[in-house]
Amino acid sequence: MTTKVTGIGQALSRGIWTWPVAIMIFGGVLQVIIPYDLKQFGIVPGDWHRVVGIWVSAGLHKGAEHFFSNLFTCLMFSWVLFKLIPNAYHWIQGVLWTCSGLMLFLLGSPEHVHIGASIWIYGMAGMIIVGGLASGNFRLGALGVGLS
């Protein structure tokens, strides 16, 4: 006998792919309500005292324009990735998030504090483009290029 998920469980199971967007919204709300400069939690390449920025910086943004531009593309790429690889979606997103922050920590300009989800979003775009090309679905590859 199978049970059908209804109500809040159904809404959660349908919306579970949106957790990257939820992280960005949570970070944006924190930046507005906390009278504290959260930029200090960004990535400073090579500064091991600020290594936590690898995982925190994606939720921080310079301002509303930066936030909303990242929010829209994160929403679109997350949805496409979830449709492409529903069984590995969360694992892939976690790897992309960690690897993009780590690459920025290792290779970024040490004169700046890096915040925002742009590098993570470009990682999602790369996955979509490569996935489209590898599967022979050139429209999917073009979608990845077009959205970036």
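Because the structure is predicted, anything quoted here is derived from the model rather than measured.

A.B. asks: How should the nonpolar core be read in this particular structure?
C.D. replies: Nonpolar side chains in soluble globular proteins tend to end up buried together. Within the largest apolar cluster, 22 residues are counted, with the highest numbers of intra-cluster contacts made by Trp120 and Met124. Taken together, the elements giving at least two residues each to this core come down to helix 2 (19-33), helix 4 (64-84), helix 5 (89-107) and helix 6 (118-135). Per element, the largest residue contribution to this core is seven residues, and it comes from helix 4. The residues contacting Met124, other than those within four sequence positions of it, are Cys74, Phe77, Ser78, Leu81, Gln93 and Leu96.

A.B. asks: Sorry, what's going on with the side chain of Asn70 here?
C.D. replies: The topology assignment puts Asn70 in helix 4. The residues contacting Asn70, other than those within four sequence positions of it, are Met24, His61, Gly116, Ala117, Ser118 and Ile121.

A.B. asks: What is the right way to read a nonpolar patch on the surface from this model?
C.D. replies: Together, Ile25, Val29, Val32, Ile33, Ile34, Tyr36, Phe41, Val52, Trp55 and Val56 line one region of the surface with nonpolar side chains, adding up to about 900 Å² of accessible area. Contributing elements (two or more residues each) for the nonpolar patch: helix 2 and helix 3 (53-56). Ranked by residues supplied to the nonpolar patch, first place goes to helix 2 with four residues. Residue position: Ile33 is located in helix 2.

A.B. asks: How should the packing of aromatic side chains be read in this particular structure?
C.D. replies: Under the defined criterion, the tally for this structure stands at six aromatic pairs. Look at Trp48 and Phe105: their rings are 4.9 Å apart centre to centre, the planes differ by 70°, and that puts the pair in the edge-to-face class. Here Trp48, found in the loop between helix 2 and helix 3, pairs with Phe105, found in helix 5; they are 57 residues apart in sequence, far enough to count as distant. Aromatic side chains Trp97 and Trp120 sit 5.1 Å apart centroid to centroid with 15° between the ring planes, which places their arrangement in the stacked category. Within this pair, whereas Trp97 is found in helix 5, its partner Trp120 is found in helix 6, the two being separated by 23 residues in sequence. Take Trp120: its relative accessible area is 1%, and that puts it in the buried class.

A.B. asks: Explanation requested: the packing of helix 4 against helix 7 (residues 138-147) in the structure shown.
C.D. replies: Between two packed helices, both the angle of their axes relative to each other and the distance between the axes serve to describe the pair. For the pair helix 4 and helix 7, the least separation of the axes is 11 Å and the interaxial angle reads 165°. Taken together, helix 4 and helix 7 sit at an angle that is classed as roughly antiparallel. Seen along the crossing, helix 4 lies across helix 7 with a hand that is left-handed. Residues Thr73, Met76, Phe77, Val80 and Leu84 of helix 4 form the contact with helix 7, whose own contacting residues are Leu140, Leu143, Gly144 and Leu147.

A.B. asks: Could you clarify how one ought to interpret the packing of helix 2 against helix 5 in this entry?
C.D. replies: Look at helix 2 against helix 5: their axes get within 11 Å of each other, and the N-to-C directions meet at 45°. When the axes of helix 2 and helix 5 are compared, the pair comes out oblique. From helix 2, Trp19, Pro20 and Ile23 reach across to helix 5, where they touch Tyr89, His90, Gln93, Gly94 and Trp97. Tallied by class, the residues present in the contact of helix 2 with helix 5 amount to five nonpolar, three polar and no charged.

Calculation criteria
Residues numbered from 1 in each chain as written. Predicted model: local features only at pLDDT ≥ 70, side-chain atom pairs only at ≥ 80, totals over all residues. Heavy atoms only, no water. Core = buried A, V, L, I, M, F, W, Y, C linked by side-chain atoms within 4.5 Å. Buried < 20%, exposed > 50% of the residue type's maximum accessible area, 1.4 Å probe, protein only. Helix = DSSP H or I, 4+ residues; strand = E, 2+ residues; numbered from the N terminus. Contact = heavy atoms within 4.5 Å. Patch = residues over 30% accessible without salt bridge, like charges linked within 9 Å, V, L, I, M, F, W, Y side chains within 5 Å. Areas by Shrake-Rupley, 256 points an atom, 1.4 Å probe, with all protein chains shown as cover. Salt bridge = Lys/Arg side-chain N within 4 Å of Asp/Glu carboxyl O. Phe/Tyr/Trp six-rings, centres within 6.5 Å; stacked < 30°, edge-to-face > 60°. Axes fitted to C-alpha atoms, helices over the stretch in contact; angles between N-to-C directions. Parallel < 35°, antiparallel > 145°, perpendicular 65-115°, else oblique. Left-handed = near helix turned anticlockwise from the far one by under 90°. Nonpolar A, V, L, I, M, F, W, Y, C, P; charged D, E, K, R; others polar.

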